[in-house]
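Residue-level listing of the chains:
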Amino acid sequence: MSKRRILRVAVTALVVFAVLLASACEKKDGDSAAPAPTEVRIGIVAPITGDAATFGISTRNGAQLYFDQVNAAGGINGMTIRTFVEDDKGDPAEGANAWSKLIDQDKVVTIVGTVMSKVSLAGAPISQNKGIPMISPTSTNPAVTLVGDYVFRACFIDPFQGLVAAKYATQTMNVRRAAVLYDAGNDYTKGLAEVFRDEFIKMGGEIVAFESYATGTSDFNAQLVKINAVAPDVLFLPNYYNDVGLIAKQARAMGISAQFLGGDGWDSPDLFTIGGTAIEGGIFSNHFTAESTLPAAQAFVRDYEARYGQKPDALAALAYEAAMIVVDSIRRAGSIDPTAIRDAMATTNMETITGRITFDASRNPIKGAVLLEVRNGAAVYKATVNP
Amino acid sequence: MEVFLSQFIFGIQRGTIYALIALGYTMVYGVVRLINFAYGEVFMLGALFSFFIIQLMPLPPVLNVIVALLVPMALCAILGLAMDTVAYKPLRAKPRLAALITAIGVSFFLSNLVSYIGPDSVRTVSVLLFATAGLVILMTLSQKLFNFPKVPKSTGINWLKRSIMVGSLCLLGAVAWIAKPALALLRWKGSSFTAFPVDKLFEVVKYPIFGSVYITNVQIVIIIVAVVLMVALSFLVNRTMLGMAMRASKNNKEAVSLMGINVNSVIAFTFIIGTALAGAAGVLSAITYPRITAFMGIQPGLKAFIAAVLGGIGSIEGAMVGGIIMGLAEQFAIGLAPSSFGAAHIDFTPLAEGISFAILIVVLLLRPQGIFGEPPQDKV
């Protein structure tokens, strides 16, 4: 390489660097020059690509829908909402990058996100350290909000569904004898089973059988023979749909007539293909149903369908709800100071599309769950159970 | 009493399926001294083939059961032959460990391949197959053009073999590419669970025996099919020329070849019969527990292996008895284990589910040759 060429490269590099520097300074000037804020910057993090893409797209759509509706109705206290959407790809490292970018570069005041607990756990410490409140719509791992007081969630945590089932059995069905069959190798099913057992006993019921099985089992007959011998009124199955389908089949074949109850692990169309007629009449809890009779929920379903051409799933509903909580908090805080927003969020007490919602000391929501009943191979709305 | 009888019937149901897979293990081991760990996957493929057939052919119920059982058995037998030819035959003269490790490889390969053959990822499989074909062509060309790596004349390029290989890879790739809409139509979900449409075969009917004890037509069918298959197998091994050749190969392969018997075809037949039985077990299992996935064969495969060891590996009666004992032992262990013991709610069920492995350890310690096995000969 000749000397002149080296010089040419060096000069070009210098010019490029200078231009970049100038533009960066300019941007900074522009930011600090704004005297009164005219916009609220809110971040949305969701796995828009990758394995959980369908979840991520629903989540983004739900949150975006509400923010756009607020803007169309005049914004928050005269300010327009500007959203910054980041894709975490379902990967904790990508999630942490998204959090840093939203806070440092886009200067958001609150973050709605994200779907998977492991990714939320990567973002939460960043939110906590930088003092930017976050609300995850769907991360159910209890550890997420325990990261610190700037971390909230819009969904109830898993064990709450054990309480819902116990409450339904003792108060609505008015029965006293329950049996449980759960997957011992799964924290989700184990948590639900234990909470159900404790709450059911507390409510005056008796657990006549508390049985488990190893993950991957297909033959549940040994446990079901034991359960059949004690003739329970209710059989609580906090497992995933495919196990529940097989258990229901084997239990009904054996002549067990107990009412089946379960949690949101049942939520799949395959429950009906595997369980067939055996699962008919089974009741399970979930975060949301598009068939909810609450007027706010019906309006949400209508608007969502009009904009995206499909019915909202539970993820879209929870993201919409998280967006409602964020907007309500900013409104009540009366400023876009992140700490003021956090303080307002902690004292949330509002009607959303799933009913009244407040937060407990660990920033987990206290809210109702919907109960769905299996009827003719579909899950239909049965009731709402409040804590 | 009622509980005991019910558990007994369900234990037999469990054990029958173990016994059928165990027969495959034991037969091949008896003749070739090879543990074919891929039987669990053949079991899975039996269920899968049966699933495809039921979805494709709306036949009258009784005929449907027979077709849905026999066709997968035949397909699994072909697979068994292919498995032997591709993976095990080239290693026949090599140390036994090489074939054993290859068997584990075949097992992983099959389950993972099938897990990718869902409507979502079947095109990936197709691309992989085309890429492999391309690689073979590239290697052949580079070998031809640059003579690299150097190969002796005798082991040079066999153009016919290579062409067949590339052709079949491309054909499979094309099939996989076209299969996407078909698989979506069949509602096969690859690695996630798919419901097995047992309702299309027959309706489950219960026959009460005594009190709450009953037996279902499904249980009767699987027990009858298993007994018929086992009797047929005993006949084949003990009363036919092929069986005699098999038993002779078990004792001394060199002497058998000197008698003018082709040991390799005897072994191939053993594989064919063993895999057909594993395929039948897969179909029966899918009928009993109507849920299938690409990884459904791993656990039954392991348990059946233990059943074969318990009965005495290499012994056909041993595999049957071992399978039934395993099924009953598991059933009663789970049935008797307290699952919420004391104030701390200690759960003993996972321990009971692992009783098969405890049995394996005890058998290996006390009677390594199993119940019906021949005692190991001392090598001088």
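Residues numbered from 1 in each chain as written. Chains lettered and ligands numbered in written order. Predicted model: local features only at pLDDT ≥ 70, side-chain atom pairs only at ≥ 80, totals over all residues. Heavy atoms only, no water.

(A) Up close: the confidence of the model for chain A. The predicted model of chain A averages 88 in pLDDT, with 91% of residues at 70 or higher. Here residues 25-34 of chain A is a poorly scored stretch, pLDDT under 50, and it has zero contacts once near neighbours within four places are set aside; other chains count. (pLDDT = per-residue confidence, 0-100. Contact = heavy atoms within 4.5 Å.)

(B) Main features of the pairing of strand β6 (residues 177-183) of chain A. All names here are of chain A. When you tally the buried positions in β6, you get six out of seven residues, the bulk of the element. In terms of handedness, the path from β6 via helix α6 (residues 187-202) over to strand β7 (residues 206-213) forms a crossover that is right-handed. Here β6 runs beside strand β8 (residues 234-236); their pairing, made up of three bridges, is parallel. In the sheet register, Ala178 faces β8, and the bridge partner there is Val234. (Buried < 20%, exposed > 50% of the residue type's maximum accessible area, 1.4 Å probe, protein only. Helix = DSSP H or I, 4+ residues; strand = E, 2+ residues; numbered from the N terminus. Right-handed = clockwise from strand over helix to strand, strands pointing away. Pairing = 2+ DSSP bridges.)

(C) Molecular detail of the interface of chain A and chain B. Taken residue by residue, the interface counts 30 residues in chain A and 28 residues in chain B. Buried area between chain A and chain B, both sides added, is near 2500 Å², and the carbon and sulfur share of it is 51%. Our count for the contact surface shared by chain A and chain B stands at two salt bridges. Salt-bridge contacts for A:Asp243 lead to B:Arg291; the nearest nitrogen and oxygen are separated by 2.4 Å. Listing elements by their share of the side of chain A that touches chain B, those giving two or more residues are β7, α7 (221-230), α8 (241-254) and α9 (270-275) of chain A. Here the side of chain A that touches chain B gets seven residues from one element, more than from any other, and that element is α8(A). For the side of chain A that touches chain B, the per-class residue count stands at twelve nonpolar, eleven polar and seven charged. (Buried area = accessible area lost by both parts, 1.4 Å probe. Salt bridge = Lys/Arg side-chain N within 4 Å of Asp/Glu carboxyl O. Nonpolar A, V, L, I, M, F, W, Y, C, P; charged D, E, K, R; others polar.)

(D) Main features of a nonpolar patch on the surface. A grouping of B:Met1, B:Phe4, B:Phe8, B:Ile209 and B:Phe210 is seen on the molecular surface, where their side chains present a nonpolar patch of about 540 Å² in accessible area. Residue assignment for the nonpolar patch shows that the elements contributing at least two residues are α1 (2-32) and β2 (206-210) of chain B. (Patch = residues over 30% accessible without salt bridge, like charges linked within 9 Å, V, L, I, M, F, W, Y side chains within 5 Å. Areas by Shrake-Rupley, 256 points an atom, 1.4 Å probe, with all protein chains shown as cover.)

(E) Representation of the sheet that holds β8(A) within the structure. Residues and elements named next belong to chain A. Read from one edge of the open sheet, seven strands run β7-β6-β8-β9-β10-β14-β15, paired in mixed fashion. In the strand order of this sheet, the two ends are held by β7 and β15 (378-385), each with one partner. Across the sheet, the mean angle from the axis of one strand to that of its neighbour is 25°, orientation sign disregarded. By the bridge criterion, four bridges tie strand β10 (residues 283-286) to strand β14 (residues 369-375) in an arrangement that is antiparallel. (Axes fitted to C-alpha atoms, helices over the stretch in contact; angles between N-to-C directions.)

(F) Looking closely at the pattern of salt bridges. Per the counting criterion, the structure on display carries 23 salt bridges over all chains. With a closest N to O distance of 3.0 Å, A:Arg342 and A:Asp343 form a salt bridge. Overall, A:Arg342 belongs to the buried group, its relative accessible area being 13%. Of the residues examined, A:Asp343 reaches a relative accessible area of 39% and is grouped as partly exposed. Put simply, B:Glu330 and B:Arg14 hold a salt bridge, and the shortest N to O gap is 2.7 Å.

(G) Local environment of the environment of A:Phe67. All names here are of chain A. With respect to the helices and strands, Phe67 occurs in helix α2 (residues 53-72). Taking C-alpha positions, Phe67 is 8.4 Å from Arg82, a pair spaced 15 residues apart along the chain. Every residue in contact with Phe67, bar those within four places of it in the chain, is listed here: Ile42, Ile44, Ile81, Thr83, Val112, Ala323, Val326 and Val327.

(H) Region of the structure containing the sheet that holds strand β3 (residues 110-112) of chain A. Residues and elements named next belong to chain A. Taken in spatial order, the five strands of this open sheet run β2-β1-β3-β4-β5, and their pairing is parallel. Only two strands of the sheet have a single neighbouring strand rather than two, namely β2 (80-87) and β5 (151-153). The mean inter-strand angle of the sheet, taken between neighbouring strand axes irrespective of direction, is 25°. Summarising the sheet, β3 and strand β4 (residues 134-136) pair through two bridges and their orientation is parallel. Residue Val112 lies in a different strand from β4, and its bridge partner there is Ile135.

(I) Broad picture of the domain arrangement of chain A. Considered domain by domain, chain A is made up of domain 1 (39-155 + 291-367) and domain 2 (159-286). Computed from C-alpha coordinates alone, the two centres of domain 1 of chain A and domain 2 of chain A are separated by 32 Å. (Domains from an automatic or database assignment.)

(J) Just the packing of aromatic side chains, in detail. Across all of its chains, the model carries 21 aromatic pairs over all chains by this definition. Consider the rings of A:Tyr304 and A:Tyr308, whose centres lie 4.7 Å apart with planes at 50°: the pair is tilted. With A:Tyr304 and A:Tyr308 both in helix α10 (residues 295-308) and four residues apart, this pair spans about one turn of that helix. A relative accessible area of 0% means that A:Tyr304 is categorised as buried. The interplanar angle of 55° and the centroid separation of 5.7 Å between the aromatic rings of B:Tyr25 and B:Phe305 together place this pair among those described as tilted. With B:Tyr25 in helix α1 and B:Phe305 in helix α11 (residues 298-311), this residue pair connects regions lying 280 residues apart in the sequence. As far as burial versus exposure is concerned, B:Tyr25 and B:Phe305 are alike and both buried. Members of the aromatic cluster, joined through ring pairs, are A:Tyr66, A:Phe288, A:Phe300, A:Tyr304, A:Tyr308 and A:Tyr320. Above the ring of A:Tyr150, the side-chain terminus of A:Arg342 is found at 5.8 Å from the ring centroid. (Phe/Tyr/Trp six-rings, centres within 6.5 Å; stacked < 30°, edge-to-face > 60°. Lys NZ or Arg CZ within 6 Å of the ring centre and 35° of its normal.)

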